[in-house]
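Examining the three-dimensional arrangement
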Amino acid sequence: MLTQIIITSMTAVFSLPQLPYETNALEPVISKETIDYHYGKHLQAYVNTLNTLVKDTEYEKMNLEEIVRHAPAGPLFNNAGQVLNHTLYFEQFRPVGAGGPAVPEGKLDKAIRTAFGSFDEFKEKMAAASTGLFGSGWAWLAQNEKGELVIVQCPNGGNPVTMGYVPLLGFDVWEHAYYVDYRNRRADHIAALWQIINWEVVENRMK
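Residues numbered from 1 in each chain as written. Predicted model: local features only at pLDDT ≥ 70, side-chain atom pairs only at ≥ 80, totals over all residues. Heavy atoms only, no water.

**Concerning the overall build of the protein**
As a reminder of what qualifies: The numbering of helices and of strands both runs from the N terminus, where a helix is a DSSP run of H or I of at least 4 residues and a strand a run of E of at least 2. Radius of gyration here is computed from C-alpha atoms only, and the compact-globule reference equals 2.2 Å multiplied by the residue count raised to the power 0.38. Remark: exposure states derive from per-residue accessible area (1.4 Å probe, protein chains only) relative to the maximum for the residue type, with buried under 20%, exposed over 50%, and partly exposed in between. Two residues qualify as a contact provided that any one of their heavy atoms is within 4.5 Å of a heavy atom in the partner residue. Shrake-Rupley sampling with a 1.4 Å probe provides the accessible areas, and residues are treated as covered by the protein chains on show and by no other component. Charged-residue counts in this description rest on Lys and Arg as positive and Asp and Glu as negative, His and the chain ends being excluded. All charge positions are set by atom: Lys at NZ, Arg at CZ, Asp at CG, Glu at CD.
In terms of regular secondary structure, the protein is built from eight helices and three strands. For the protein, whose C-alpha radius of gyration is 16 Å, the value lies close to the compact-globule estimate of 17 Å for 207 residues. With the C-alpha coordinates of the protein rotated into their principal frame, the extents come out at 50 × 40 × 30 Å. Residue burial in the protein is summarised as follows: out of 207 residues, 51% are buried. Once local pairs closer than 6 in sequence are excluded, the contacts in the protein between residues at least 24 apart make up 69%. Surface summary for the protein: the accessible area is close to 9,600 Å², and the carbon and sulfur share equals 50%. Within the protein, the 23 negative side-chain charges are centred at a point lying 2 Å from the centre of the 17 positive side-chain charges.

This is the structure:
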């Protein structure tokens, strides 16, 4: 469930989430250099800005999901959204060759087949959503209020929680997520990500 992995704070101090792997563990799909910049600098900046923005406000004791649900468009929503997005993003990966299922299993596999016909068809539609999003943003596999799986495009720092959906799997298509390793080849980056998805983590996010 989403509430098991989002960062919460009763003191309005959010911190950088701990990576479940070493910074070089996703190579060659995602390089250590990209992780150092994307996680260590970009995400840290979002965390720092979020802490500044929530101080002495009504959002001070909310968790990330609550802030993203309730904050108006603007800096607070953008930074909270990006902290939530990146927390989900970095926790959904596993090191190359670490074992675990290479494809969805159990209830996630069943839900994907019900929604998209097959895993390959899902991959095609997820790739199309990721490469077809103009500018910066995210492509998400999400679970709607009926428990059905859908693919959602969210520009900038958007997240499916604003629609009442549960985000399960997110592909970051901001250029800082892939430009060091793939330059402008967004499609190649998306195609490579399937090698490092931790499908057990994704399934555990389902309602």
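**Quick word on the nonpolar core**
So the rule is basically this: In this description, a nonpolar core means a group of buried Ala, Val, Leu, Ile, Met, Phe, Trp, Tyr and Cys residues linked to one another through side-chain atoms lying within 4.5 Å.
With 65 residues, the main nonpolar core has Phe122 and Leu169 as its most contacted residues. Sorting elements by how many residues they give to this core places helix H3 (residues 75-91) first, with eight residues. Setting aside residues no more than four positions away along its own chain, phenylalanine 122 makes contact with Ile112, Phe116, Leu141, Ile151, Leu169, Trp194 and Trp199.

**Details of helix H7 (residues 186-193)**
Formally: Comment: arc refers to directions from the helix axis out to C-beta atoms.
For H7, every residue scored as buried is listed here: Arg186, His189, Ile190, Ala192 and Leu193. Buried positions in H7, seen along its axis, are confined to an arc of 165° and lie on one side of it.

**Describing the pairing of strand S1 (residues 137-143)**
Just so we agree on the cut-off: Between any two strands, at least two bridges found by DSSP are needed for them to pair.
Most of S1 sits out of view: seven of its seven residues are buried. A two-sided burial pattern is seen for S1, the buried positions comprising Gly137, Ala139, Leu141 and Gln143 on one face and Trp138, Trp140 and Ala142 on the other. Two elements, S1 and strand S2 (residues 149-155), share seven bridges in a ladder whose sense is antiparallel. Note that in S2 the partner of glycine 137 across the bridge is proline 155. Hairpin remark: S1 followed by S2, antiparallel, with five residues in the connecting loop; positive phi at glycine 147, about 85°. Where S1 meets strand S3 (residues 166-172), six bridges bridge the pair, whose relative direction is antiparallel. By the bridge assignment, alanine 142 is partnered in S3 with proline 167.

**A short note on the UniProt feature "binding site: Mn(2+)" (unreviewed entry) in the protein**
The condition that has to hold: UniProt positions are given in the numbering used here, feature names are shortened, and annotations may be inferred rather than shown by experiment. In protein, a polar contact requires one atom able to donate a hydrogen and another able to accept it; more generally it is a pair of N or O atoms within 3.5 Å, and residues adjacent in sequence count only if both atoms are side-chain atoms.
Under the feature "binding site: Mn(2+)" (unreviewed entry), the UniProt entry names His38, His86, Asp172 and His176. In terms of the greatest pairwise C-alpha distance, the residues named above, spread along 139 residues, form a tight cluster of at most 12.3 Å across. Within the element layout of this structure, histidine 38 appears in helix H1 (residues 32-54). Setting aside its immediate chain neighbours within four residues, histidine 38 contacts Leu43, His86, Tyr89, Phe90, Asp172, His176 and Ala177. Judged by relative accessible area, which is 0%, histidine 86 ranks as buried. Polar contacts involving the side chain of histidine 86 include one to the main-chain carbonyl oxygen of glutamine 82, which spans 2.7 Å.

**Some words on the UniProt feature "domain: Manganese/iron superoxide dismutase C-terminal" (unreviewed entry) in the protein**
UniProt marks residues 104-205 with the feature "domain: Manganese/iron superoxide dismutase C-terminal" (unreviewed entry), using the numbering shown here. Structurally, residues 104-205 is divided into 42% helix and 21% strand, and its ends, taken at the C-alpha atoms, are 13 Å apart.

**Comments concerning the confidence of the model for the protein**
Keep in mind that low pLDDT regions are not for reading the predicted coordinates in detail. Applied cut-off: Confidence scores here are pLDDT values: one per residue, from the predictor, ranging 0 to 100.
Averaged over all residues, the pLDDT of the protein is 94; the fraction at 70 or higher stands at 94%. Every residue in residues 1-10 is under pLDDT 50, and counting partners more than four places away or in other chains gives 33 contacts.

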